[in-house]
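Reading the structure
For reference, the chains in residue letters:
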Amino acid sequence: MRAILNGCVGVLLGVSGMWAPARAQSWGTWEPIAPIPTGGRAKPHAVGLAHGTLLYVMGGPPWYNGSEDGSVYSYEISTGAWAEEIGFDGKGVLFSQGGGVDALNRIVIFGGDDPTDAGREPLPFEWDPLEGPWHDLAARGAGAPPMWFADCADDSGRLYSFGGGPNGGASAGAPNSTYAERYVGTSDTWQVLAPMPVAAADAAAAPDGLGHILVFGGIDATGSSRVKTVQRYDIATDSWSTSTAPMPVALSGHEAVLGGDGRVYVLGGDAGAMGAAAAQSAVHVYDPANDTWAPGPSMSEPRRWFAAVMGPGEYLYVFGGDNDAGGTASAERIYTTPCPVIFEHPQDADVWRGSTLVLSGTVAGGGTIEYAWEKDGVPVGDGASPGGGTVSGATTPTLRIEHLGEDDAGAYRLIASNTCGDDASAPAVVSVRLPPDISTHWVFTSLHPSVAESSAANAVNGGLQVGRAVFDTPDYNNIDHPWVWNGTVASGRNLTPPGSQGGSVLDVGGDMLVGWWWEPLTCYVNSRPTTCYYQRAARWDVAGNFYDTSYSGFEYTTMSATDGVSAVGSGSTDDAVGNVYTRAVIWPAPDFWYARSIHPTGYRNSSAAAVDGEDQYGTASLPFAVIHAAKWSGNAGTFVDMHPAGAANSAVVDASDGQQVGVLNRWTDAHAVLWSGTPESLVDLHPTGAATSSAIACDSGLQLGTVSYPDGSGGPVIWAGSPETMVEITPTLPPDYTSFSVADIDVDPNGTVSIVGSAYNAALGRLEAMLLTSTDTPTCVPDLTGEGDVNTNDFFLFLSLYQVADPRADFAPGGGINTNDFFAFLAAYQAGC
């Protein structure tokens, strides 16, 4: 919002005074524009203002209607074309009038008189672009001088008049004035203000953008000299101060404009002794934030009593004026580069070692903005970071440090600068969290219930393991049943609700277990009532109490994840022709009853797979099965597409402690990936030489997943934030177990790592829920029989496994079964345990 008038601009600054220049100002240059089309005659004593898309030069000569009325011209910035407008018809010859745009967006002209025929000051009036002088307005105060006052507007559209009087003809008996008033358009009234401390005529006025109006120089009370004084009016308190730094040169007949850079440009005017003044082309620039002056670029020719206005695009325009050579109708402009202002600051970050740090700020300003980053007051450059990571973007608004190290912790600031000055952000404090060491020793526990045909553990948290056990019911075969364990097979409990056929627990957090159940409902088959079952979202507490949920709006629902505070998942329904639509949903606390969709606009399907604090993660799919990793923060409007450029598809499958894991290119060239809350934080965890990889769970800075190699080898792995940290999970499985898969990871406060999933029991031909627990005690690798010592039974078992290329015979790095494995086993056998 901007009100512009007679060399005076009121600007609404959202972050007033936030910048502070760090080096000398570097200026733009004055650019000539088409002259005012006066037929070569000078155009002094005009008011300059901006209204709509036009700039106006209003009043003063050349005169209309038999040399009686002031002329008006408009300038269209987009085309550079001038037009002659309706003049001050019927108002007579006026010099030194003021004007501006009021709070009602009206062009208001006030004051002015004919010095050769004094006493002809008209009432203030509204000038209409179509009608010319339109309505008379309220009379000015009785003490207001008709001429040589400084005029200005504030950012509320109130028009000000300061001082004035006989100007150079003043004397002790007829002095120049200290009178001050302002016009309020909404009430059509003039308000008398506190008088100026120092009388002045032919001064200039402009806001400083900090809540004040500055009155620069002018001619003193008795007309004996020009003054350098800068008088500051406080709009809020209706009070004055003269403590502002004085002007470098005493001036009258000059103009003052608040530029886009937050500085006030004092332009042209007369300088020198009274009676021997010379018109000036010089520009003096005042910085209100620092109360300092600097020389600016001079105009192309001297000007006094001219029009100056701040136009769109931060350009300052000057038009016409008088000078020592008969005056001018020329026009020119200069770009007043807005200083940079950081209005979105980089945020504090608590980041895991090895992951990617992304800090960014948003900057407003003009011209060419340069960016720099500091850490603890020391400049940051692209390349190696103190913590051993890699820095990029050090000269951009977004700083990125990959493979973050402990020594990268600190306070980071963004500094933005241009020719106007610079601004520094608030410090963003970065802490580096250390994940636990990755164990290479594991204790295997089968959790398989004796009643089940197969089982699997889906999630683990706080000593609880949850999943499913598959067995027949009287009515159905191979039905999943929700199961919970507390570290042992004997602790297992069937959580199937009464009346249901089964279900599954998919996640656990705090006191909440979530998943789905088969809800019994009466339906009709061949017009006969019977019991049908529908998959509905469900939750339990750790005591085993069951809570169902509303499925309003959906045919099928599933609670997929919880962090113990909230729950997320998906709801599905179909249309009349059988198209199925899935929506990501949240079950809000405290009752977790109603499924609220967070489906993003423009996407075909979506699903929430993880929740971490205030954020939810999952996928959102576009037409043609293009699936993108997704993030929400409580509602559909907060959706963030986490999909990296260049990937065919992506998905977030788990989130914890500020990290999110998933996969890119799932069906072609799958890569395990890690995010830290933003799309830019992506880390590719795919190890060198691998064929495919996938990350499926994370906790406390560790990421769980799988890797496969071109020769068919590979298996479950753990990362600690980067590909280089990957460690294979190689537990000693009991006899008859030939392979295993993993589903979730949990890190206890004491550092113990728990992993759940399923292991294949080859002897019984079934998958069994399993728990792996890290231990500092190494397992006895050559004890293949699990008898507790190494003997010939282990040797002969190895030979039998080796001959059939059983994966349990893989003792040497590199994958595959070959002589390297034979000699590696032999060395371990001979070393014993």
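First, a word on what this report is: a plain description of the structure on this page. (Residues numbered from 1 in each chain as written. Predicted model: local features only at pLDDT ≥ 70, side-chain atom pairs only at ≥ 80, totals over all residues. Heavy atoms only, no water.)

A look at the overall build of the protein chain
As a reminder of what qualifies: Runs of H or I in DSSP of at least four residues are treated as helices and runs of E of at least two as strands, each being numbered from the N terminus. The globule rule is 2.2 Å times the number of residues to the power 0.38, and the radius of gyration it is compared with is taken over C-alpha atoms. Working definition: with a 1.4 Å probe on protein chains only, accessible area under 20% of the residue-type maximum means buried, over 50% means exposed, and in between means partly exposed. Contact definition: two residues touch when any of their heavy atoms are within 4.5 Å. Charge assignment: positive for Lys and Arg, negative for Asp and Glu; neither His nor the chain ends contribute. For this purpose, a charge sits on NZ of Lys, CZ of Arg, CG of Asp or CD of Glu.
Check the secondary structure of the protein chain and you find two helices and 68 strands. The C-alpha radius of gyration computed for the protein chain amounts to 40 Å, which surpasses the reference 28 Å derived for 833 residues by more than 25%, pointing to a less compact arrangement than a globule. Oriented by its inertia axes, the alpha-carbon framework of the protein chain measures out at about 125 × 70 × 45 Å. Counting all 833 residues of the protein chain, 53% fall into the buried class. Relative to all contacts within the protein chain whose residues are 6 or more apart in sequence, the contacts with residues 24 or more apart total 49%. Here the protein chain holds 34 positive side-chain charges and 90 negative ones, and the gap between their average locations is 7 Å.

Let's talk about the pattern of salt bridges
Here is the rule we go by: The term salt bridge refers to a side-chain nitrogen of Lys or Arg lying within 4 Å of a carboxyl oxygen of Asp or Glu.
By the definition in use, this model includes 23 salt bridges. Where Glu-301 meets Arg-303, a salt bridge forms, and the shortest distance between an N and an O atom there is 3.9 Å. With its nearest N and O atoms 3.4 Å apart, the salt bridge here joins Arg-353 to Glu-406. In this pair, Arg-353 sits in the loop between strand E30 (349-352) and strand E31 (357-360) while Glu-406 sits in the loop between strand E37 (398-402) and strand E38 (410-417), placing the two residues 53 residues apart along the sequence. One network of salt bridges, with partners in common, ties together Asp-270, Arg-304, Asp-322 and Asp-324.

Structural notes on the sheet that holds strand E12 (residues 150-153)
Put simply, the test is: For two strands to count as paired, DSSP must find a minimum of two bridges between them. Helix axes use the C-alpha atoms of the stretch in contact, all axes being lines fitted to C-alpha atoms, and the angles between their N-to-C directions lie in the range 0 to 180 degrees.
Taken together, the four strands give an open sheet; going across it, the order is E12-E13-E14-E15, and neighbouring strands pair in antiparallel fashion. In this open sheet, the two edge strands, each paired with only one partner strand, are E12 and strand E15 (189-192). Sheet twist, expressed as the mean angle between neighbouring strand axes with direction ignored, is 25 degrees.

A look at the state of the cysteines
The line we're drawing: Cysteine sulfur pairs qualify as disulfides if the two atoms are within 2.5 Å.
Here the structure, examined in full by the defined rule, presents two disulfides. With a sulfur-sulfur separation of 1.5 Å, Cys-339 is cross-linked through a disulfide to Cys-420. Judged by the torsion about the S-S bond (-50 degrees), the Cys-339/Cys-420 disulfide is left-handed. With Cys-339 in the loop between strand E28 (328-335) and strand E29 (341-344) and Cys-420 in the loop between E38 and strand E39 (422-424), this residue pair connects regions lying 81 residues apart in the sequence. Each sulfur of the disulfide joining Cys-523 and Cys-532 lies 1.6 Å from the other. One disulfide, between Cys-523 and Cys-532, carries an S-S torsion of 60 degrees and so falls in the right-handed class. For Cys-532, a relative accessible area of 21% gives the class partly exposed.

Structural notes on the packing of helix H1 (residues 792-803) against helix H2 (residues 819-831)
Applicable threshold: Between 65 and 115 degrees an angle is taken as roughly perpendicular, under 35 as roughly parallel, over 145 as roughly antiparallel, and anywhere else as oblique. Classification used: nonpolar for Ala, Val, Leu, Ile, Met, Phe, Trp, Tyr, Cys and Pro, charged for Asp, Glu, Lys and Arg, polar for all others including Gly.
Between H1 and H2, the least distance of the axes is 11 Å, while the angle of their chain directions is 170 degrees. What the angle tells us is that H1 and H2 run roughly antiparallel. Note on element contacts: H2 touches H1 through Thr-819, Asp-821, Phe-822, Phe-825, Leu-826 and Tyr-829, opposite Thr-792, Asp-794, Phe-795, Phe-798, Leu-799 and Tyr-802. Residue composition of the contact of H1 with H2, by class: eight nonpolar, two polar and two charged.

Section: the sheet that holds strand E63 (residues 702-708)
Taken together, four strands build an open sheet; the order of strands is E62-E63-E64-E65 and the sheet is antiparallel. Here the strands that pair on one side only, and so sit at the sheet edges, are strand E62 (692-699) and strand E65 (727-728). Here six bridges tie E63 to strand E64 (residues 714-719), and the two strands are oriented antiparallel to one another. When the bridges of E64 are listed, Gly-705 appears paired with Val-717.

Observations concerning the pairing of strand E10 (residues 125-128)
Each regular strand carries side chains that alternate between the two faces of the sheet. Residue alternation in E10 divides its side chains into two sets, Phe-125 and Trp-127 and Glu-126 and Asp-128, and both sets are buried. Across three bridges, the pairing between strand E9 (residues 107-110) and E10 is antiparallel. Looking across to E10, one finds that Ile-109 is bridged to Phe-125. In the sheet, E10 pairs with strand E11 (residues 132-136) via three bridges, with the strands oriented antiparallel. Following the sheet pairing, Asp-128 is matched in E11 by Gly-132. Remark: three residues form the turn of the hairpin made by E10 and E11, two consecutive strands paired antiparallel.

Overview of the environment of Ala-206
Note on placement: Ala-206 falls in strand E16 (residues 204-207). Given the relative accessible area of 0%, Ala-206 is considered buried.

Details of the side chain of Ser-425
Looking at the element boundaries, Ser-425 is found in the loop between E39 and strand E40 (428-433). Exposure remark for Ser-425: the relative accessible area of 3% places this residue in the buried category. Other than its neighbours up to four places away in sequence, Ser-425 contacts Ile-342, His-345, Pro-346, Arg-413 and Leu-414.

Focus on unusual backbone geometry
Residue Pro-62 is reached from Pro-61 by a cis peptide bond, and omega for that bond is 0 degrees. When you line up the elements, Pro-62 lands in the loop between strand E5 (54-58) and strand E6 (72-76). At His-403, a position not held by glycine, the phi torsion is positive, near 55 degrees. Structurally, the position occupied by His-403 is in the loop between E37 and E38. A positive phi angle is found at Ala-805, which is not glycine, with a value near 55 degrees. Mapped onto the fold, Ala-805 is located in the loop between H1 and H2. When its relative accessible area of 46% is taken as the criterion, Ala-805 is described as partly exposed.

What to know about the side chain of Ser-330
The topology assignment puts Ser-330 in strand E28. Judged by relative accessible area, which is 17%, Ser-330 ranks as buried. Setting aside anything within four residues of it in sequence, one finds Ser-330 in contact with Pro-35, Glu-301, Arg-303, Val-318, Phe-319 and Gly-320.

Digging into the packing of aromatic side chains
As a reminder, the rule being used: To pair, rings of Phe, Tyr and Trp, with the six-membered ring standing in for Trp, must have centres within 6.5 Å; the planes then decide the type, stacked if under 30 degrees apart, edge-to-face if over 60, and tilted in the middle.
This structure, assessed with the given rule, holds 38 aromatic pairs. Consider the rings of Tyr-75 and Tyr-317, whose centres lie 6.3 Å apart with planes at 55 degrees: the pair is tilted. One end of the pair, Tyr-75, is in strand E6; the other, Tyr-317, is in strand E27 (residues 315-321), and 242 residues separate them in sequence. Tyr-317 sits in the buried class, given a relative accessible area of 0%. Plain terms: the ring middles of Trp-632 and Phe-639 are 5.8 Å apart, the flat faces sit at 50 degrees to each other, and that makes the pair tilted. Take Trp-632 and Phe-639: they sit in the same class, and that class is buried. Taken together through their ring pairs, the aromatic side chains of Phe-795, Phe-796, Phe-798, Tyr-802, Phe-822, Phe-823, Phe-825 and Tyr-829 make up a single cluster.

As for H2
Just so we agree on the cut-off: Any helix carries an expected span of 1.5 Å times its number of residues minus one. Polar contacts, as counted here, are pairs of nitrogen or oxygen atoms within 3.5 Å of one another; within protein the pair requires one atom able to donate a hydrogen and one able to accept it, and residues that are adjacent in sequence qualify only if both atoms are side-chain atoms.
Counted at 1.5 Å a residue, the expected span for H2 with its 13 residues is 18 Å, and the 18 Å between its end C-alpha atoms agrees. Between the side-chain oxygen at the start of H2 and the backbone nitrogen of Asn-820 there is a gap of 2.9 Å, and the oxygen is on Asn-818. The first or second residue beyond H2 is Gly-832, which carries a positive phi of 70 degrees.

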